[in-house]
Amino acid sequence: MVTTLLWDVDGTLLDFAAAEKNAIRNLFQKYGFGSCSDEMLKRYSQINKIYWERLERKELTKPEILIKRFEDFFDAEGLDVTVAAEFNEKYQSSLGDTIVFCDDSYNIVKSLCGKVKQYVVSNGTITAQSKKLRLSGLGELMDGIFLSEQLGVEKPDVHFFDQVFAEIRPSDKSQVMIIGDSLTSDIQGGNHVGITTCWYNPENKPRQGNVKIDHEITDLHAIYRLI
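Conventions used here
- Residues numbered from 1 in each chain as written.
- Predicted model: local features only at pLDDT ≥ 70, side-chain atom pairs only at ≥ 80, totals over all residues.
- Heavy atoms only, no water.
- Axes fitted to C-alpha atoms, helices over the stretch in contact; angles between N-to-C directions.
- Helix = DSSP H or I, 4+ residues; strand = E, 2+ residues; numbered from the N terminus.
- Parallel < 35°, antiparallel > 145°, perpendicular 65-115°, else oblique.
- Left-handed = near helix turned anticlockwise from the far one by under 90°.
- Contact = heavy atoms within 4.5 Å.
- Buried < 20%, exposed > 50% of the residue type's maximum accessible area, 1.4 Å probe, protein only.
- Arc of directions from axis to C-beta.
- Pairing = 2+ DSSP bridges.
- Right-handed = clockwise from strand over helix to strand, strands pointing away.
- Salt bridge = Lys/Arg side-chain N within 4 Å of Asp/Glu carboxyl O.

Draft legend 1. Expanded view of the packing of helix H2 (residues 38–56) against helix H3 (residues 62–77). In contact at an axis separation of 9 Å, H2 and H3 are set at 150° when each is read in the N-to-C sense. Judged by the inter-axis angle, H2 sits roughly antiparallel to H3. The interaxial crossing formed by H2 with H3 has right-handed handedness. Here H2 contributes Met-40, Arg-43, Tyr-44, Ile-47, Asn-48, Tyr-51, Trp-52 and Leu-55 to the contact with H3, which in turn contributes Lys-62, Ile-65, Leu-66, Lys-68, Arg-69, Phe-70, Asp-72, Phe-73 and Glu-77.

Draft legend 2. Structural context of helix H4 (residues 84–94). Buried within H4 are the following residues: Ala-84, Phe-87, Asn-88, Tyr-91, Gln-92 and Ser-94. Buried positions in H4, seen along its axis, are confined to an arc of 160° and lie on one side of it. On its buried face, H4 is in contact with helix H1 (16–30), H2, H3 and helix H6 (126–136).

Draft legend 3. Region of interest: the packing of H3 against H4. For the pair H3 and H4, the least separation of the axes is 9 Å and the interaxial angle reads 115°. Along this stretch, H3 crosses H4, giving a crossing that reads as right-handed. The residues of H4 that touch H3, namely those facing Leu-66, Ile-67, Arg-69, Phe-70, Glu-71 and Phe-74, are Ala-84, Ala-85, Phe-87, Asn-88, Tyr-91 and Gln-92.

Draft legend 4. Representation of the sheet that holds strand E3 (residues 144–147). The 6 strands lie next to each other as E3-E2-E1-E4-E5-E6, forming an open sheet whose pairing is parallel. Bordering the open sheet on either side are E3 and strand E6 (215–217), each of which pairs with just one other strand. Going across the sheet, the axis of each strand differs from the next one's by a mean of 20°, ignoring polarity. Here helix H9 (residues 183–193) sits on the sheet in contact with strand E4 (176–180) and strand E5 (196–200), set at roughly 165° to E5.

Draft legend 5. Molecular detail of the environment of Leu-66. Looking at where Leu-66 falls in the secondary structure, it is placed in helix H3. When its relative accessible area of 7% is taken as the criterion, Leu-66 is described as buried. For Leu-66 and Thr-125, which are 59 residues apart along the polypeptide, the C-alpha to C-alpha distance reads 9.6 Å. If near-sequence neighbours (up to four positions away) are discounted, Leu-66 is found in contact with Trp-52, Asn-88, Gln-92 and Thr-125.

Draft legend 6. View of the pairing of E5. Buried residues dominate E5, accounting for 5 of its 5 residues. Burial along E5 is two-sided: the residues Thr-196, Cys-198 and Tyr-200 and Thr-197 and Trp-199 are all buried. In this structure, E4 lies alongside E5, joined through 4 bridges in parallel fashion. The residue of E5 that forms the bridge with Gly-180 is Trp-199. Each parallel crossover has a hand, and for E4 linked through H9 to E5 it is right-handed.

Draft legend 7. How the structure looks around the pairing of strand E2 (residues 117–122). With 5 of 6 residues buried, E2 lies mostly within the body of the structure. Of the strand pairs in this sheet, strand E1 (residues 4–7) and E2 are connected by 4 bridges, and their pairing is parallel. Paired with Leu-5 across the two strands is Gln-118, which belongs to E2. Pairing between E2 and E3: 4 bridges, direction parallel. Among the inter-strand pairings, Val-120 is bridged to a residue of E3, identified as Ile-145. In this region the chain leaves E2, passes through H6 and returns to the parallel neighbour E3; the handedness of that crossover is right-handed.

Draft legend 8. Summary view of the pattern of salt bridges. Under the definition given, this model contains 15 salt bridges. Between Arg-54 and Glu-59 there is a salt bridge whose closest N-O contact spans 3.1 Å. Overall, the relative accessible area of 26% leaves Arg-54 in the partly exposed class. With its nearest N and O atoms 3.9 Å apart, the salt bridge here joins Asp-143 to Lys-117. Separated by 26 residues along the polypeptide, Asp-143 in the loop between H6 and E3 and Lys-117 in strand E2 bring together distant segments of the chain. Judged by its relative accessible area of 40%, Asp-143 is partly exposed.

Spelled out as structure tokens, the structure:
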């Protein structure tokens, strides 16, 4: 029996790709960079993914990866690298301007209020996630919000989850389930602390890495049958 849900945000509750696309394209116009094509966005996403994986492996700090990803991207596209830090600062705020729910996630979370405890567990920045959770209305539905910048450590590190558990005090970890789209962050993190894992995989991506996946779903409505 599942009594507690740990929700990832980006790519799980909210469509991160949509927010990312709009934020970067709007800022390209403001900085006079011209239009940002789909191909350019794909190249940025690949760079971004690599840097977040390096963060999870503790090869770089979050402040480093947030700026270096744009430095690499701008350098590859022949753009002004010197504005990377400023661009990232504006980007964090802009990410919250576009709210697109995955699979009617707002109503799913709302319908589960009072039936299970629900918490946000996210590696996103405080600036971006606070705005997203406020404007989406998801924040007020949660029993608590845990952001890695506030905890001082990223998922999948066991110390991230130790701090979460110290706060929520579950009576039985076997009744806690994490739902997320990242195998290396959410699912691996769940493995580290021995809780049930639910991989949200709407695009039917192939499994990678040595992780234990208890449940795999392509639609968040499937959560109902798991609790």
